[in-house]
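These are the residues of each chain, in order.
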Amino acid sequence: MFKILKYSFFDLIRSRWSYVYFLFYLALGFVLLFLNNDLSKAVITLMNVIIVLVPLIGTIFGVMYFYNSKEFTELLLAQPLKRSSIFLGQYLGVAGSLTMSLVFGLGIPFVLYGLFKSDAIWNFSLLLVTGTFLTLIFTALAFNIALAHENKIKGFGFAVLLWLFLAVIYDGLFLLSLIVFEEYPLDTFSLVATMFNPIDLSRTLILLKLDISALLGYTGAIFKQFFGTNYGLILSLVMLLLWTIFPIFSLIFKAKRKDF
């Protein structure tokens, strides 16, 4: 598995798109941190970009790499190698390269700006942690979709639709349900609905840790009461971890039973 991981990792690292991805975050980090006096605003802007862009890039890269390396994967399947090792190695290689581009792209301006000496280090660290989780989650989901569909167009279509649903449509349905059922107690429903969307969960965690939950109104007060505690933070990170583990196990399960 480690040899496959190493090959996939360095194969993507040599790709020009990996450099573009890295340079984008590097430039964004320098611009926001060095031209913005308010670190909280810089972190919020970074959050708005990462929450949307990271899942999209993870989804597209995952699907694209799977289809482009399909012939090589079939060659590996003809060798005495475990299927789980092949697909898990490829997945970790893709997710690892994307995570490295994200962490180093934002981390270099972070270090040069000297945020280690300020309280913003915790908010910025949480931003990187959630970005890493989103990369792992959506890359795994992309591999699952590509593995389930032989047709590239269908695979790309379902992958983009998944991202669009979780990033945009889910929020619309969530807000619509809050408006329609506003006369009912929706505290538990709001918390559970947020947990079932890794993008919303990541966004809520960062906003509450920046202590601007008042901007979220009544819902923000509910989230602040829950997510603001150490128990809420731990449970949220556990949910993100589960969102990462389940797609990986699904990937291994499908890979073992698929007829190539």
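To keep things clear, this report deals only with the structure shown in the data block. (Residues numbered from 1 in each chain as written. Predicted model: local features only at pLDDT ≥ 70, side-chain atom pairs only at ≥ 80, totals over all residues. Heavy atoms only, no water.)

1. A word on the packing of aromatic side chains
Line of reasoning, step 1. Considering all chains together, one arrives at nine aromatic pairs under this definition.
Line of reasoning, step 2. Seen from their ring centres, Phe66 and Tyr67 are 5.8 Å apart, and the 80° between their planes marks the pair as edge-to-face.
Line of reasoning, step 3. On the accessibility criterion, Phe66 (6% relative accessible area) is buried.
Line of reasoning, step 4. Using a relative accessible area of 5% as the deciding quantity, one classes Tyr67 as buried.
Line of reasoning, step 5. Relative to Tyr170, the ring of Phe165 lies with its centre 6.0 Å away and its plane at 85°, an arrangement referred to as edge-to-face.
Line of reasoning, step 6. When its relative accessible area of 33% is taken as the criterion, Phe165 is described as partly exposed.
Line of reasoning, step 7. One aromatic cluster is present, formed by Phe66, Tyr67, Phe87, Tyr91, Phe143 and Phe156 through successive ring pairs. (Phe/Tyr/Trp six-rings, centres within 6.5 Å; stacked < 30°, edge-to-face > 60°. Buried < 20%, exposed > 50% of the residue type's maximum accessible area, 1.4 Å probe, protein only.)

2. Details of a nonpolar patch on the surface
Line of reasoning, step 1. Together, Phe158, Leu161, Leu164, Phe165, Val168, Ile169, Leu173, Leu176, Val180, Phe181 and Tyr184 give the surface a local cluster of nonpolar side chains, amounting to about 1,000 Å² of exposed area.
Line of reasoning, step 2. With respect to the helices, strands and loops of the structure, Phe165 is situated in helix α7 (residues 152-180). (Patch = residues over 30% accessible without salt bridge, like charges linked within 9 Å, V, L, I, M, F, W, Y side chains within 5 Å. Areas by Shrake-Rupley, 256 points an atom, 1.4 Å probe, with all protein chains shown as cover. Salt bridge = Lys/Arg side-chain N within 4 Å of Asp/Glu carboxyl O. Helix = DSSP H or I, 4+ residues; strand = E, 2+ residues; numbered from the N terminus.)

3. Description of the packing of helix α2 (residues 16-35) against helix α5 (residues 83-113)
Line of reasoning, step 1. Between α2 and α5, whose axes approach to 8 Å, the crossing angle comes to 25°. Comparing the axis directions of α2 and α5 gives the class roughly parallel. The chirality of how α2 crosses α5 is right-handed. Residues Ser18, Tyr21, Phe22, Tyr25, Leu26, Gly29, Phe30, Leu33 and Phe34 of α2 form the contact with α5, whose participating residues are Leu98, Ser101, Leu102, Phe104, Gly105, Leu106, Ile108, Pro109, Phe110, Leu112 and Tyr113.
Line of reasoning, step 2. Broken down by class, the residue content of the contact of α2 with α5 amounts to 16 nonpolar, four polar and no charged. (Axes fitted to C-alpha atoms, helices over the stretch in contact; angles between N-to-C directions. Parallel < 35°, antiparallel > 145°, perpendicular 65-115°, else oblique. Left-handed = near helix turned anticlockwise from the far one by under 90°. Contact = heavy atoms within 4.5 Å. Nonpolar A, V, L, I, M, F, W, Y, C, P; charged D, E, K, R; others polar.)

4. A look at the environment of Thr244
Line of reasoning, step 1. Looking at the element boundaries, Thr244 is found in helix α11 (residues 230-257).
Line of reasoning, step 2. Along the chain, Thr244 and Pro198 lie 46 residues apart, while their C-alpha atoms are 9.6 Å from each other.
Line of reasoning, step 3. Setting aside its immediate chain neighbours within four residues, Thr244 contacts Tyr91, Phe133, Leu136 and Ile137.

5. Thoughts on the side chain of Thr135
Line of reasoning, step 1. Position of Thr135 relative to the elements: it lies in helix α6 (residues 120-148).
Line of reasoning, step 2. Apart from the residues within four sequence positions on either side, Thr135 is in contact with Val54, Ala95, Leu98, Thr99 and Leu102.

6. A closer look at the nonpolar core
Line of reasoning, step 1. One finds Tyr25, Tyr91, Leu106 and Phe124 to be the most contacted residues of the largest nonpolar core, which totals 65 residues.
Line of reasoning, step 2. For this core, the elements supplying multiple residues, two or more each, are α1 (2-13), α2, α3 (39-68), α5, α6, α7, α9 (198-209) and α11.
Line of reasoning, step 3. Broken down by element, the residue count for this core peaks at 16 residues, all from α6. (Core = buried A, V, L, I, M, F, W, Y, C linked by side-chain atoms within 4.5 Å.)

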